[in-house]
Amino acid sequence: VRFGDCDALTNVLNKLVSAISSPMPEIELTKDPIGANRGKALSEQAGILARRARKYYHSRNYTPPYRPTNANWEITFRALGWKRRTVEKFWKLFCRINTSLDGAIKLHEFLDFFDLDWTPLTERCFTYFDTTGGGDVDFLEFMISVWNVCTCRVDSLSNFAFDMY
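Residues numbered from 1 in each chain as written. Predicted model: local features only at pLDDT ≥ 70, side-chain atom pairs only at ≥ 80, totals over all residues. Heavy atoms only, no water.

Draft legend 1. Structural view of the overall build of the protein chain. On a plain count of helices and strands, the protein chain comes out with 9 helices and 2 strands. Tracing the protein chain from N to C terminus, the helices and strands come up as α-α-α-α-α-β-α-α-β-α-α. With 165 residues in all, the protein chain has 25% of them scored as buried. Summed over its atoms, the accessible surface of the protein chain is roughly 11,600 Å², and 57% of this surface lies on carbon and sulfur atoms. (Helix = DSSP H or I, 4+ residues; strand = E, 2+ residues; numbered from the N terminus. Buried < 20%, exposed > 50% of the residue type's maximum accessible area, 1.4 Å probe, protein only. Areas by Shrake-Rupley, 256 points an atom, 1.4 Å probe, with all protein chains shown as cover.)

Draft legend 2. Spatial organisation of the nonpolar core. In this structure, Phe77, Ile105, Phe139, Phe142 and Met143 are the most contacted members of the largest nonpolar core, which totals 21 residues. Broken down by element, this core gets its largest block of residues, 6 residues, from helix H5 (residues 84–97). Apart from the residues lying within four places of it in its own chain, the contact partners of Ile105 are Phe94, Ile97, Asn98, Phe110, Phe126, Asp136, Val137 and Phe142. (Core = buried A, V, L, I, M, F, W, Y, C linked by side-chain atoms within 4.5 Å. Contact = heavy atoms within 4.5 Å.)

Draft legend 3. Structural view of H5. Between its terminal C-alpha atoms H5 stretches 20 Å, which fits the 20 Å expected from 14 residues at 1.5 Å a residue. For H5, every residue scored as buried is listed here: Val87, Phe90, Trp91, Phe94, Cys95 and Ile97. Projected down its long axis, H5 carries its buried residues within an arc of 150 degrees, all on one side. In H5, those exposed residues whose orientation departs by more than 90 degrees from the buried face are Arg85, Lys89, Lys92 and Arg96. Tucked into the core, H5 has its buried residues touching helix H4 (71–79), strand S1 (104–106), helix H6 (107–113), strand S2 (136–138) and helix H8 (139–150). (Expected span 1.5 Å × (residues − 1). Arc of directions from axis to C-beta.)

Draft legend 4. Representation of the packing of H5 against H8 in the model. Viewed as axis vectors pointing N to C, H5 and H8 meet at an angle of 115 degrees, and their least axial separation amounts to 11 Å. The two elements H5 and H8 meet at a crossing, and its hand is right-handed. The segment H5 lies against H8, with Val87, Phe90, Trp91, Leu93, Phe94 and Ile97 engaging Phe139, Phe142, Met143 and Val146. Looking at the contact of H5 with H8 residue by residue, the class counts come to 10 nonpolar, no polar and no charged. (Axes fitted to C-alpha atoms, helices over the stretch in contact; angles between N-to-C directions. Left-handed = near helix turned anticlockwise from the far one by under 90°. Nonpolar A, V, L, I, M, F, W, Y, C, P; charged D, E, K, R; others polar.)

Draft legend 5. Structural detail: the pattern of salt bridges. One pass over the full model with this rule turns up 3 salt bridges. A salt bridge links Arg84 to Glu88, with the nearest nitrogen and oxygen atoms 2.9 Å apart. Of the two residues, Arg84 and Glu88 both sit in helix H5, 4 residues apart, roughly one turn of that helix. A salt bridge links Lys106 to Asp136; its shortest N-O distance comes to 3.9 Å. In this pair, Lys106 is assigned in strand S1 and Asp136 in strand S2, connecting sequence segments 30 residues apart. (Salt bridge = Lys/Arg side-chain N within 4 Å of Asp/Glu carboxyl O.)

Draft legend 6. Main features of unusual backbone geometry. For Asp115, which is not glycine, the phi dihedral falls at a positive 55 degrees. Following the sequence through the fold, Asp115 ends up in the loop between H6 and helix H7 (120–129).

As structure tokens, then:
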């Protein structure tokens, strides 16, 4: 498991250091009051902490694989010229924005990901992505909006920004 700059690794290391430096952890006292299996309990505790760290890291950084469930979406993506690899990359980005993993990006998730404050302008930008008007952006709306923005010429983008304001 590659932790990178994950806080979980720091927490695990701090717990391991405190477990090693303390004469007998409280958990060990309840399991083995006379301390006969002291070393074994420490290695077990390290294993438990490592499993917790992996679980924490996985829960924070797991991206579900892209598995198309809607044939119409796939037809739309192909019509727009998106290759499968590109769609999978945008799926990973979509999942990073959609922290609740409920299949749709809410306004607060949009603002949090792009580190924006709520303003009428940011809400209008989000509403532009929300083509169905449901208050959230599903993956199809996200992909179509990205395509609309990415295929515009520079003068069209300046007009878009002016219209948003």
